[in-house]
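Here is how the chains run, residue by residue.
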Amino acid sequence: MFQVPSDRQMIVNVQNVSFTCPGLQLNIRDGVETRDTLLYTIHVDTNVSVSVRTSGHVARLELVSDTWNMNSSLCYAVMHVGVIIKGNLS
């Protein structure tokens, strides 16, 4: 989870994503709940930089399996993440 002051928004930058197990994906959500708006999903290793802007002051990165029977307890992702704090919310 990333959080900036409550009167701000943020731009979340994710790049150089590498997964240790096949079938993993990285979800970027606009908020902290699993039901919050999905801003972007990364399905495969990539050197491409992804930037998304949140509507509020909180964002969540989720590492999940795209299959129901995967034991993902030994899996992880390596990535570079940056956050830019943007102006006041209206």
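Above this text sits the structure in question.
Trainee: If you had to explain the side chain of glutamine 9 to someone new, which residues and values would you point to?
Mentor: Here glutamine 9 shows up in strand 2 (residues 8-19). Assessed through its relative accessible area of 17%, glutamine 9 is described here as buried. Within the structure, glutamine 9 has its side chain in polar contact with the side chain of arginine 53 (distance 2.9 Å).

Trainee: Talk me through the pairing of strand 6 (residues 58-65); I want residue IDs and the actual numbers.
Mentor: Pairing of strand 1 (residues 2-3) with strand 6, which is carried by two bridges, proceeds in the antiparallel orientation. Directly across from phenylalanine 2, in strand 6, lies its bridge partner alanine 59. The sheet contact formed by strand 3 (residues 24-29) and strand 6 spans six bridges and is antiparallel. From the neighbouring strand, glutamine 25 faces strand 6, where its bridge partner is valine 64.

Trainee: Describe unusual backbone geometry, with residues and values.
Mentor: With a phi close to 55°, asparagine 16 is a non-glycine residue in the positive phi region. The residue asparagine 16 is located in strand 2 in this model. A residue is classified by how much of its surface remains accessible, and asparagine 16, at 30% relative accessible area, is partly exposed.

Trainee: Give a description of the sheet that holds strand 2 that names residues and reports values.
Mentor: In spatial order, the strands read 5-2-7; together these three strands make up an open sheet with antiparallel pairing. The sheet terminates laterally at strand 5 (50-53) and strand 7 (77-88), the two strands that pair on one side only. Averaged over neighbouring strand pairs, the angle between their axes works out to 20° when direction is ignored. Bridge count between strand 2 and strand 5: four bridges; the pairing is antiparallel. Residue pairing for strand 5: asparagine 13 is matched across the bridge by serine 51.

Trainee: I'd love a proper account of the sheet that holds strand 4 (residues 38-42), names of residues and values included.
Mentor: In a beta sheet, neighbouring strands pair by backbone hydrogen bonds and run either parallel or antiparallel. Ordered by their spatial adjacency, four strands build an open sheet running 1-6-3-4, and the pairing between neighbours is antiparallel. In this open sheet, the two edge strands, each paired with only one partner strand, are strand 1 and strand 4. Relative to strand 4, strand 3 runs antiparallel, the two sharing four bridges. Among the inter-strand pairings, asparagine 27 is bridged to a residue of strand 4, identified as threonine 41.

Trainee: Please give an account of the state of the cysteines that cites residues and values.
Mentor: Counted under the stated rule, the structure contains one disulfide. Bridging cysteine 21 to cysteine 75, the disulfide has an S-S length of 2.0 Å. Measuring handedness by torsion sign, the sulfur bridge of cysteine 21 and cysteine 75 sits at about -90° and is left-handed. Highlighted residues: cysteine 21 in the loop between strand 2 and strand 3 and cysteine 75 in the loop between strand 6 and strand 7, separated in sequence by 54 residues. The pair cysteine 21 / cysteine 75 is uniform in exposure class, with both members buried.

So, how was this worked out
- Residues numbered from 1 in each chain as written.
- Predicted model: local features only at pLDDT ≥ 70, side-chain atom pairs only at ≥ 80, totals over all residues.
- Heavy atoms only, no water.
- Helix = DSSP H or I, 4+ residues; strand = E, 2+ residues; numbered from the N terminus.
- Buried < 20%, exposed > 50% of the residue type's maximum accessible area, 1.4 Å probe, protein only.
- Polar contact = N/O pair within 3.5 Å; in protein donor to acceptor, adjacent residues only side chain to side chain.
- Pairing = 2+ DSSP bridges.
- Axes fitted to C-alpha atoms, helices over the stretch in contact; angles between N-to-C directions.
- Disulfide = S-S within 2.5 Å.

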